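Descriptive analysis of the structure
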Amino acid sequence: MGTRESNEETSGTGRRALLGAAVLGAGGAVLGMAGTARADGARHGGGGGGGVNSLPRPTIIGHRGASGYRPEHTFGSYQLALDLGADVVEAGDLVPTRDGHLVCRHEPEIGGTTDVADHPEFAGRKKTKLLDGVSTTGWFTEDFTLAELKTLRAVERIPANRPHNTLYDGRWEIPTFEEVLRWQDEQTRRRGKQVWIYPELKHPTYFRKQGLPLEERVAKLLGKYRKDRRTSPVILQSFEPTSVQRLHKLVDNPLVVLLSSAGSRPWDFVETGDPRTVADLVKPAGLREIASYAQGIGPTLDLVIPRDAQGRLTEPTTLVSDAHRVGLILHPYTMRNENPFLPADFRKGTDPDAYGDVFGAYEAYFATGIDGVFTDQPDTGRLAREDFTG
């Protein structure tokens, strides 16, 4: 999921509870957790059974894996998300290398998610670039070959909030999207049920202007692995509507338009002079247009239930019913257990990094009728769904 998250706070002194559920062995069973909401038979290759509508509701999507417990976008994080019961794993915020490979990083700037700063051989690669209109300084994937990136190791992105995750700094390398597609097949075989992934195309306009278009590369890989069909277990998403429209012409996968804060404009709209904002896209006319080329939207949680000036939840908007009326599913982002990321009325105590009443928050959002949610702690999401569905 992208940087446009309205609740992506990173302040705090950093303290978090240990895993609330014990993970057992390679089979991924979790103590105290009921069975899956729907038992899927094993399906391999491009088959996803009944497609996106076959997923349990509300769908629990492991945000960058199980990023509440492991450095994000690593196979350690992806693997744990499955072990903790995620229905879908957001395996891949996709950005390109200089030699055209797709790798999985939260952003093209990798200073905050890898140990690149500790590599003196790459000191000269540090640059300041304009990324979607924002001056950004650091190291960028498009300035590295894949072989060079493979010498780096992932680190925790928000160590102040998740100091326990730093235990795993340096353990995992940067995955490629092709490696993720192979991992998906291997996990499907090993677990005896179809594993779903939910990659995001990051900054497609930015990269297309550099001669590194994302959509064609994604389509080529999906075609190679026969995962470019409507029933394939791969959901594609982007914050740029024109990128999703381009994907609509290249693949038959379920597609989702991500939506940031109401007053923001998608960067492709800025580049093309389209004056519309997200507030326009979530109106009935905007949703009807999205439904002509996509199957869903990924709004911020604040577009589903706004917060007041004190950060407390107010009344839900009509977004869920409006989207459902035109046939769109909703997978809002992002649920996190830690106090700083929760609505003010669900925080507990004064410690900004302690866990709050996240189950209460899940109940409030599930009650709106959303079809699923991105979460950094999939085990918590699974338990919250079991509470909600009875």
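What counts, and where the lines are drawn
Residues numbered from 1 in each chain as written. Predicted model: local features only at pLDDT ≥ 70, side-chain atom pairs only at ≥ 80, totals over all residues. Heavy atoms only, no water. Phe/Tyr/Trp six-rings, centres within 6.5 Å; stacked < 30°, edge-to-face > 60°. Helix = DSSP H or I, 4+ residues; strand = E, 2+ residues; numbered from the N terminus. Buried < 20%, exposed > 50% of the residue type's maximum accessible area, 1.4 Å probe, protein only. Axes fitted to C-alpha atoms, helices over the stretch in contact; angles between N-to-C directions. Parallel < 35°, antiparallel > 145°, perpendicular 65-115°, else oblique. Left-handed = near helix turned anticlockwise from the far one by under 90°. Contact = heavy atoms within 4.5 Å. Nonpolar A, V, L, I, M, F, W, Y, C, P; charged D, E, K, R; others polar. Core = buried A, V, L, I, M, F, W, Y, C linked by side-chain atoms within 4.5 Å. Salt bridge = Lys/Arg side-chain N within 4 Å of Asp/Glu carboxyl O.

Taken as a whole, this structure holds ten aromatic pairs when the rule is applied. Taking the centre distance of 5.9 Å and the plane angle of 90° together, the rings of Phe75 and Tyr78 count as edge-to-face. A residue pair is termed a helical-turn pair when its members lie 3 or 4 positions apart in one helix, as Phe75 and Tyr78 do in helix 1 (residues 75-83) at three residues. Overall, Phe75 belongs to the partly exposed group, its relative accessible area being 24%.

This part is about the packing of helix 12 (residues 358-366) against helix 13 (residues 378-389). It is the contact of helix 12 with helix 13, at a shortest axis distance of 10 Å, that shows an interaxial angle of 60°. As summarised for this structure, helix 12 and helix 13 are arranged oblique, according to the angle between their axes. Both helix 12 and helix 13 take part in a crossing whose hand is right-handed. Between helix 12 and helix 13, the contacting residues are Val358, Phe359, Tyr362, Glu363 and Phe366 on the first element and Thr380, Gly381, Leu383, Ala384, Arg385, Asp387 and Phe388 on the second. For the contact of helix 12 with helix 13, the residue count by class is seven nonpolar, two polar and three charged.

On to the nonpolar core, then. Among the nonpolar cores identified, the biggest contains 81 residues, and Phe177, Ile297 and Met335 are the most heavily contacted of them. Counting 13 residues, the second largest nonpolar core, distinct from the first, contains Val52, Tyr198, Ile235 and Phe374.

A few words now on the pattern of salt bridges. Applying the stated criterion across every chain yields a total of 31 salt bridges. A salt bridge links Arg162 to Asp376; the shortest N-O distance between them is 2.8 Å. Here Asp376 lies in the loop between strand 15 (372-375) and helix 13 and Arg162 lies in the loop between helix 2 (146-149) and helix 3 (177-191), a separation of 214 residues in the sequence. For the salt bridge of Arg325 with Asp322, the shortest nitrogen-to-oxygen distance reads 2.9 Å. On the criterion of helical spacing, the pair formed by Arg325 and Asp322 is a turn pair, its members being three residues apart in helix 11 (residues 319-325). Each of Arg64, Glu72, Asp93, Glu107, Arg157 and Lys202 takes part in a single network of salt bridges with overlapping partners.

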